[in-house]
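Descriptive structure summary
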Amino acid sequence: MKIEESSIVEANDYRVIIYPASRPFTTKEAKTVTEKLYDFLTTWAAHGKPLSSSFKIEKNQFIVVCVDEEKEMASGCSIDALGKIMREIDEKYQLGLFDRMKASFVENGEIKTLKLIDFKTKLRNGELSRDIEVFDFSKNTYLDFLGHFLLPIDKSWAASIK
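Residues numbered from 1 in each chain as written. Predicted model: local features only at pLDDT ≥ 70, side-chain atom pairs only at ≥ 80, totals over all residues. Heavy atoms only, no water.

1. What to know about the overall build of the protein
Of the regular secondary structure elements, the protein holds four helices and nine strands. Seen in sequence order, the protein has helices and strands lined up from the N terminus as β-α-β-β-β-β-α-β-β-α-β-α-β. Computed over C-alpha atoms, the radius of gyration of the protein comes to 16 Å, within 12% of the 15 Å expected from 2.2 N^0.38 for 162 residues, which places it in the range of a compact globule. Taken along the three principal axes of its C-alpha coordinates, the protein extends 55 × 35 × 30 Å. In the protein, which comprises 162 residues, the share counted as buried stands at 43%. Taking as baseline every contact in the protein between residues at least 6 positions apart, the subset at least 24 positions apart corresponds to 63%. Positive and negative side-chain charges of the protein, numbering 24 and 26 respectively, have mean locations separated by a distance of 4 Å. (Helix = DSSP H or I, 4+ residues; strand = E, 2+ residues; numbered from the N terminus. Rg over C-alpha atoms; globule rule 2.2 N^0.38 Å. Buried < 20%, exposed > 50% of the residue type's maximum accessible area, 1.4 Å probe, protein only. Contact = heavy atoms within 4.5 Å. Lys, Arg positive; Asp, Glu negative; His and termini not counted. Charge placed at Lys NZ, Arg CZ, Asp CG, Glu CD.)

Below, the structure is given as structure tokens:
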């Protein structure tokens, strides 16, 4: 399973963990993050059993990690190990990967990220168009990620903001 370069439509529904950065990666950051995650995932295991996993940096701002739990379930300890490496990356580059109180959206073809409270205020005040598309970081399966990661605002979690 190598999703970062795959053009094959996967039939399996892998577990997905999304780490949203608050800003785009620089070229150097993306290269270093890719190398670090590649090295980590080649040794990632649950109770000594290797996990079939992969990742990609989506839209140069979101790290998407997949694990095929039909082969081996990710354990609490293995998820903690992933969290540790992601925290190291986050601390080194100040990416805000663990800040869940933000909203990312596409406006005029550009990805933007705001604090959640600011996003809601701007939406309510009409400072943001209702034509924007919104990212949903809560997706936890690959098929759901493929079909519902970026949605028009009226079909997203933000539709109820009035």
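Now that the structure has been shown, we can carry on.
2. With respect to the environment of Ala-103
Inspection of the secondary structure assignment puts Ala-103 in strand S6 (residues 102-107). Of the residues examined, Ala-103 reaches a relative accessible area of 1% and is grouped as buried. Along the chain, Ala-103 and Lys-122 lie 19 residues apart, while their C-alpha atoms are 12 Å from each other. When near neighbours in sequence (up to four residues on either side) are disregarded, Ala-103 contacts Lys-112, Thr-113, Leu-114, Leu-116, Phe-119 and Trp-157.

3. Thoughts on the packing of aromatic side chains
This model, assessed by the stated rule, comprises 12 aromatic pairs. Between Phe-40 and Trp-44, the ring centres sit 5.8 Å apart and the planes meet at 40°, which makes this aromatic pair tilted. Of the two residues examined, Phe-40 and Trp-44, each falls in the buried class. When the centroid spacing of 5.6 Å and the interplanar angle of 45° are considered together, the rings of Phe-62 and Phe-137 count as tilted. Placement of Phe-62 in strand S5 (residues 62-67) and of Phe-137 in the loop between strand S8 (133-135) and helix H4 (142-148) is noted, with a sequence separation of 75 residues between them. According to the relative accessible area criterion, Phe-137 is buried, its value standing at 15%. The structure contains a cluster of three or more aromatic residues connected by ring pairs, namely Tyr-14, Phe-62, Phe-135, Phe-137, Tyr-142, Phe-145 and Phe-149. For the cation-ring pair, Arg-87 lies above Phe-98, with the distance from its terminal atom to the ring centre recorded as 4.0 Å. (Phe/Tyr/Trp six-rings, centres within 6.5 Å; stacked < 30°, edge-to-face > 60°. Lys NZ or Arg CZ within 6 Å of the ring centre and 35° of its normal.)

4. Some words on the sheet that holds S5
Pairing in this open sheet of three strands is antiparallel, and the strands run S1-S5-S4 from one edge to the other. Looking at strand neighbours, the two that pair on one side only are strand S1 (15-20) and strand S4 (53-58), the edges of this open sheet. Taking each pair of neighbouring strands and ignoring which way they run, the sheet shows an average axis angle of 20°. Bridge count between S4 and S5: six bridges; the pairing is antiparallel. By the bridge assignment, Lys-56 is partnered in S5 with Val-64. Each of S4 and S5 touches helix H1 (residues 27-43); the most contacted strand, S4, lies at about 170° to it. Contacting S1 and S5, helix H2 (residues 76-93) crosses the sheet at an angle of about 20° to S1. (Pairing = 2+ DSSP bridges. Axes fitted to C-alpha atoms, helices over the stretch in contact; angles between N-to-C directions.)

5. Points about the sheet that holds S8
With antiparallel pairing, four strands are arranged side by side in an open sheet as S7-S6-S8-S9. Two strands close off the open sheet at either side, each with one partner strand: strand S7 (110-115) and strand S9 (150-152). Neighbouring strand axes in the sheet, compared pairwise and without regard to direction, differ in orientation by 30° on average. Of the strand pairs in this sheet, S6 and S8 are connected by two bridges, and their pairing is antiparallel. Counted as the bridge partner of Phe-105 is Val-134 from S8. Of the strands in this sheet, S6, S7 and S8 touch helix H3 (residues 116-124), which is tilted by about 110° from S7.

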